[in-house]
Amino acid sequence: MRPLIMDFGGDKAVHNVGYQFMFGPAIMVNPVYTYKARNREVYFPKQTTNGQLTNCTWYDFFSGTVASEGGETKLVDAPYEHIPIYVRAGSIIPFGPAIEYTQQKKAENIRLFIYQGADGKFNLYEDEGTNYGYEAGRYANIPISYNDATQTLTIGEREGKFPGMLEGRKFTIVVCSKNHAQGYDPEAKGKEVTYNGKRIEVKL
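Residues numbered from 1 in each chain as written. Predicted model: local features only at pLDDT ≥ 70, side-chain atom pairs only at ≥ 80, totals over all residues. Heavy atoms only, no water.

Size it by volume and the largest pocket reaches roughly 640 Å³. Lining the largest pocket are 24 residues; nearest its centre among them are Thr102, Lys105, Lys106, Ala107 and Asp127. Sorting the residues of the lining of the largest pocket by element identifies β11 (92-95) and β13 (120-127) as the ones contributing at least two each. By residue number, the principal contributor to the lining of the largest pocket is β13, which donates 4 residues. By residue class, the composition of the lining of the largest pocket is 12 nonpolar, 6 polar and 6 charged. Around the second largest pocket, the lining comprises 17 residues; the ones closest to its centre are Pro25, Ala26, Ser91, Ile92 and Lys121. Breaking the lining of the second largest pocket down by element, the ones donating at least two residues are β11 and β13. Here the lining of the second largest pocket takes 3 residues from β11, the largest share from any one element. Here the lining of the second largest pocket is built from residues that sort into 10 nonpolar, 4 polar and 3 charged. (1 Å grid on protein atoms, 1.4 Å probe; cavity = no way out; pocket = protein on both sides within 12 Å on 5 of 7 lines; lining within 4 Å. Points joined across faces, edges and corners; volume = space filled by probe spheres on them. Helix = DSSP H or I, 4+ residues; strand = E, 2+ residues; numbered from the N terminus. Nonpolar A, V, L, I, M, F, W, Y, C, P; charged D, E, K, R; others polar.)

And the structure:
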């Protein structure tokens, strides 16, 4: 977790935003801190590109619709069920199976939510999950990148290994775009690809 100024320092409007924060590089969290409130003001930052302040597309995490192009404050709904959460364009967010402890189930099927509108990168890290084997180099990384101009997702060659590692798995690629709203859904349909550790490219 980190304040907005660490990701959007070029946007002076974030300097005094004290009740919003980034969870990783993709997700902007906006807590509701007023008793019985059912809405709140949210500032949507702009981003710095090549030294210039530019628009930044923000998607509503729950509906998948575009909430803002950045640089504005909006009064947004904050229903009882959830707080307002937004995802910036170019984000790649993986979702594995629901588990209660690390050894319950292996992530044989991972859903990759791709938020179009900008290039994106993500590094999928895995280890045994039950010990300190990673300190001895027992872990693996899968680099994932998205090219918005060609609408191509690249799942790179796996680097590293560890005991019990899945040699192959299925990725379900779920796209959210300005023309196709896709809110969070653990059963969302998408393009399915089989991955065995070798680099693959997927046209979205």
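Further notes follow.
For Lys36, which is not glycine, the phi torsion reads 65 degrees and is therefore positive. Checked against the element boundaries, Lys36 lands in the loop between β3 (27-29) and β4 (39-44). Taking relative accessible area as the criterion, Lys36 reaches 61% and is therefore assigned exposed. For Asn50, which is not a glycine, the phi torsion comes out positive at approximately 55 degrees. Mapped onto the secondary structure, Asn50 falls in the loop between β5 (47-49) and β6 (52-54). The exposed category is assigned to Asn50, whose relative accessible area is 76%. (Buried < 20%, exposed > 50% of the residue type's maximum accessible area, 1.4 Å probe, protein only.)

Right, let's get into the environment of Ile85. In this structure, Ile85 sits in strand β10 (residues 85-88). The exposure class assigned to Ile85 is buried, which follows from its relative accessible area of 17%. A C-alpha to C-alpha distance of 6.4 Å links Ile85 and Asp60, two positions 25 residues apart in sequence. Setting aside chain neighbours within four positions, we find Ile85 in contact with Ile27, Met28, Asn30, Tyr59, Asp60, Phe61 and Phe62. (Contact = heavy atoms within 4.5 Å.)

Attention shifts here to the sheet that holds strand β17 (residues 169-176). Across the sheet, which stays open at both edges, the 4 strands sit in the order β11-β12-β17-β18 with mixed pairing between neighbours. Unpaired on one side and paired on the other, β11 and β18 (191-195) mark the two borders of the sheet. Here the strands of the sheet are splayed against their neighbours by 25 degrees on average, with no regard to which way each runs. Taken together, the 5 bridges between β17 and β18 define a ladder with antiparallel strand orientation. Following the sheet pairing, Thr172 is matched in β18 by Glu192. (Pairing = 2+ DSSP bridges. Axes fitted to C-alpha atoms, helices over the stretch in contact; angles between N-to-C directions.)

This part is about the sheet that holds strand β7 (residues 58-60). Pairing within the open sheet is antiparallel, and its 6 strands lie in the order β1-β2-β3-β10-β7-β8. Here the strands that pair on one side only, and so sit at the sheet edges, are β1 (2-3) and β8 (66-68). Pairing between strand β2 (residues 21-23) and β3: 3 bridges, direction antiparallel. The residue of β3 that forms the bridge with Met22 is Met28.

For the structure shown, the criterion picks out 8 salt bridges. Taking the shortest distance from any N to any O, the salt bridge between Arg169 and Glu126 comes out at 2.6 Å. Of this pair, Arg169 sits in strand β17 while Glu126 sits in strand β13, and the two are 43 residues apart along the sequence. Taking the relative accessible area as the measure of exposure, Arg169 reaches 5% and is therefore buried. In this structure Glu126 comes out as buried when scored by relative accessible area, which is 17%. Between Arg138 and Glu128 there is a salt bridge, and its shortest N-O distance comes to 3.0 Å. With a gap of 10 residues between them, Arg138 in the loop between β13 and β14 (139-147) and Glu128 in the loop between β13 and β14 connect regions that are remote in the sequence. Judged by relative accessible area, Arg138 falls into the partly exposed class, the value being 33%. Looking at Glu128, the relative accessible area reads 22%, which means it is partly exposed. (Salt bridge = Lys/Arg side-chain N within 4 Å of Asp/Glu carboxyl O.)

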